[in-house]
Amino acid sequence: MTRVFSGMQPSGDPHLGNLLGAIALWVAEATHAESLFCVVDLHSITFPQDPRDLRARTLDLTATFLAMGLDPERSILFLQSQVPAHRELAWLLECTASYGELQRMTQFKDKSSRGEFVSAGLFTYPTLMAADILAYDADQVPVGDDQRQHIELTRDLALRFNARYGETFVVPTGVYRTSGARIMDLQHPERKMSKSLDSPQGTILLSDDDAAIARKVKRAVTDADTDVRYDPEAKPGVSNLLSLLAACTDSTPESAAAGFERYGDLKAAVAEAVVEFVRPVRSRRAELLDDPTHLLTILADGAVRADAIAAPIVRRAEDAMGFLLRRGI
Ligand code: TYM
């Protein structure tokens with residue numbers, strides 16, 4: 001059976017890009033594959049974190065996974081920090097990646113140029129991500145478009161390791177949505193919606209109430225003419241609204257465009273569709289957060305199941321590299 005793995009950082013309230021570009025795709029993938037979905041908390045410490053915030057956001061994101069419809073019976077839901085394989089394999093892959101290829105990662109270039117403290121972890125981050133995936137022999141990795149370069153690196157590292165030390169890792173493929181793989185900022189439609197960019201009016205968060213969502217959609221930047229058509233190059237603002245409408249209503253941006261004469265009508269329809277999509281997720285998440293013990297129990301169970309898959313794969317990699325395995329393993 002195909003095995004699917006994906007992860008999300010607990011580094012802020014999830015936004016529509018996370019929900020539509022990633023988790024909605026995971027829910028679909030989980031119906032026909034063995035699947036693991038991970039709150040990648042180790043990834044979120046590349047910048048200093050307040051420990052209390054990290055704890056709270058980790059639970060929030062776990063509740064978000066469930067509220068979006070991931071089923072802990074069907075999928076393994078777990079925390080990266082609770083399964084040692086991720087850290088163990090990361091070092092082996094750090095020594096497989098070259099300095100030059102990590103330097104070429106666009107996310108590293110963007111994030112390291114912001115003038116904040118640049119940790120060594122920010123630089124080696126993609127090798128931890130590769131470890132997340134390779135530790136499970138994952139075949140498919142459903143992600144948003146911004147992760148393409150990291151997935152390519154993961155494939156390169158798997159191929160390089162296999163060539164040096166013999167067939168060890170499954171070479172994974174990225175899975176992307178045909179539309180909605182890149183949800184853009186509503187105020188700056190040329191850049192992706194993001195937790196780390198400071199554009200509160202351009203970012204719809206899961207915690208936004210109905211009125212805030214409607215207001216942000218209605219104030220979204222559109223384009224100079226008045227045509228409603230899907231053309232991301234010439235009409236990035238309107239095309240983004242159409243992608244949102246399509247992703248929330250399970251259609252395509254081209255067919256979602258049909259019937260709209262004016263931007264005002266399109267915005268009203270998008271606002272309604274997004275509000276209807278977000279509202280049940282938001283309220284279900286709030287209910288789930290009332291019982292943190294239940295969430296922690298699901299995570300503990302997930303960690304045991306994840307560990308059972310990953311630990312032998314890491315031992316296999318260590319053995320291939322020439323490390324002596326502890327007797328009895
Ligand atoms: P992260 O936490 O930034 O984002 C989680 C997922 O959300 C997607 N996403 C978007 N999709 C569409 N439009 C957007 N504007 C948008 N913004 C974010 C991302 O593509 C991602 O799928 N490095 C990863 C986390 C990670 C991971 C992994 C993913 C760590 N290990 C192993 C897959 C497999 C990241 O920072 O994603």
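See the structure printed just above.
Residues numbered from 1 in each chain as written. Predicted model: local features only at pLDDT ≥ 70, side-chain atom pairs only at ≥ 80, totals over all residues. Heavy atoms only, no water.

**Overview of the overall build of the protein**
Counting secondary structure elements, the protein contains 12 helices and 5 strands. Reported as C-alpha extents along the three principal axes, the dimensions of the protein are approximately 70 × 45 × 40 Å. Counting only contacts in the protein whose residues sit at least 6 apart along the sequence, the fraction spanning at least 24 positions is 76%. When the accessible surface of the protein is split by element, carbon and sulfur atoms take 52% of a total near 14,900 Å². In the protein, 36 positive and 46 negative side-chain charges are present, and the distance between their average locations comes to 3 Å. (Helix = DSSP H or I, 4+ residues; strand = E, 2+ residues; numbered from the N terminus. Contact = heavy atoms within 4.5 Å. Areas by Shrake-Rupley, 256 points an atom, 1.4 Å probe, with all protein chains shown as cover. Lys, Arg positive; Asp, Glu negative; His and termini not counted. Charge placed at Lys NZ, Arg CZ, Asp CG, Glu CD.)

**Points about empty space enclosed by the protein**
Within this structure, the stated rule accounts for 1 cavity of 30 Å³ or more. Each pocket or cavity is described by its volume, and for the largest cavity that value is around 60 Å³. In this structure, the largest cavity is lined by Met-105, Gln-107, Phe-108, Lys-111, Leu-122, Tyr-125, Pro-126 and His-150. Of all the elements in the fold, those that place two or more residues in the lining of the largest cavity are α5 (106–112) and α6 (120–134). For the lining of the largest cavity, the per-class residue count stands at 5 nonpolar, 2 polar and 1 charged. (1 Å grid on protein atoms, 1.4 Å probe; cavity = no way out; pocket = protein on both sides within 12 Å on 5 of 7 lines; lining within 4 Å. Points joined across faces, edges and corners; volume = space filled by probe spheres on them. Nonpolar A, V, L, I, M, F, W, Y, C, P; charged D, E, K, R; others polar.)

**Looking at the layout of surface pockets**
In this approach the atoms are scanned with a rolling probe the size of a water molecule, which exposes any empty space left behind. Of the volumes computed, that of the second largest pocket is approximately 250 Å³. Taken together, 17 residues form the lining of the second largest pocket, with Arg-182, Met-184, Tyr-230, Pro-232 and Ser-243 sitting closest to its centre. No other element matches helix α9 (residues 236–249), which puts 4 residues into the lining of the second largest pocket. A breakdown of the residues in the lining of the second largest pocket according to their chemical character gives 7 nonpolar, 6 polar and 4 charged.

**Focus: α9**
Helical geometry: 3.6 residues make up each α-helical turn, so side chains three or four residues apart lie on a common side. For α9, built from 14 residues, the straight-helix expectation of 20 Å at 1.5 Å per residue is met to within 8% by its first-to-last C-alpha distance of 20 Å. Against the buried residues of α9 lie α1 (16–30), α8 (210–218), α10 (253–256) and α11 (263–289). A positive phi of about 60 degrees marks Asp-250, the residue just after α9. (Expected span 1.5 Å × (residues − 1).)

**Side note on the site of the ligand**
Not every one of the 27 residues close to the ligand is listed here, only the nearest: Gln-9, Tyr-125, Asp-132, Asp-146 and Ile-183. Note that an oxygen atom of the ligand is positioned 2.9 Å from one of the backbone N or O atoms of Gly-144. A distance of 2.4 Å separates an oxygen atom of the ligand from a polar side-chain atom of Asp-146. Protein contacts shield 96% of the accessible area of the ligand, which totals 710 Å² for the unbound molecule. Within the residue set of the shell around the ligand, elements represented by two or more residues are β1 (3–8), α1 and α6. For the shell around the ligand, the class distribution of residues is 12 nonpolar, 11 polar and 4 charged. (Near = heavy atom within 4 Å. Polar contact = N/O pair within 3.5 Å; in protein donor to acceptor, adjacent residues only side chain to side chain.)

**Side note on the nonpolar core**
Ranked by size, the top nonpolar core spans 56 residues in total, and within it Leu-16, Phe-65 and Leu-266 carry the most contacts. With 11 residues, the single largest contributor to this core is α11. Ignoring sequence-local partners within four residues, the contact set of Leu-16 consists of Gly-21, Ile-183, Met-193, Ile-204, Leu-244, Val-274, Phe-277 and Val-278. Leu-36, Ala-135, Tyr-136 and Val-314 belong to the second largest nonpolar core, which has 46 residues in total. (Core = buried A, V, L, I, M, F, W, Y, C linked by side-chain atoms within 4.5 Å. Buried < 20%, exposed > 50% of the residue type's maximum accessible area, 1.4 Å probe, protein only.)

**A few points about the pattern of salt bridges**
According to the stated counting rule, one finds 19 salt bridges in the structure shown. For Arg-316, the salt bridge is made with Asp-137, and the minimal N-O distance between the two is 2.9 Å. Separated by 179 residues along the polypeptide, Arg-316 in helix α12 (residues 292–321) and Asp-137 in the loop between α6 and β4 (140–142) bring together distant segments of the chain. Across the pair Arg-229 and Asp-227 runs a salt bridge whose closest N-O atoms are separated by 3.1 Å. The class of Asp-227 is partly exposed, set by a relative accessible area of 38%. Through salt bridges that share partners, Asp-210, Glu-276, Arg-279 and Arg-282 make up one connected network. (Salt bridge = Lys/Arg side-chain N within 4 Å of Asp/Glu carboxyl O.)

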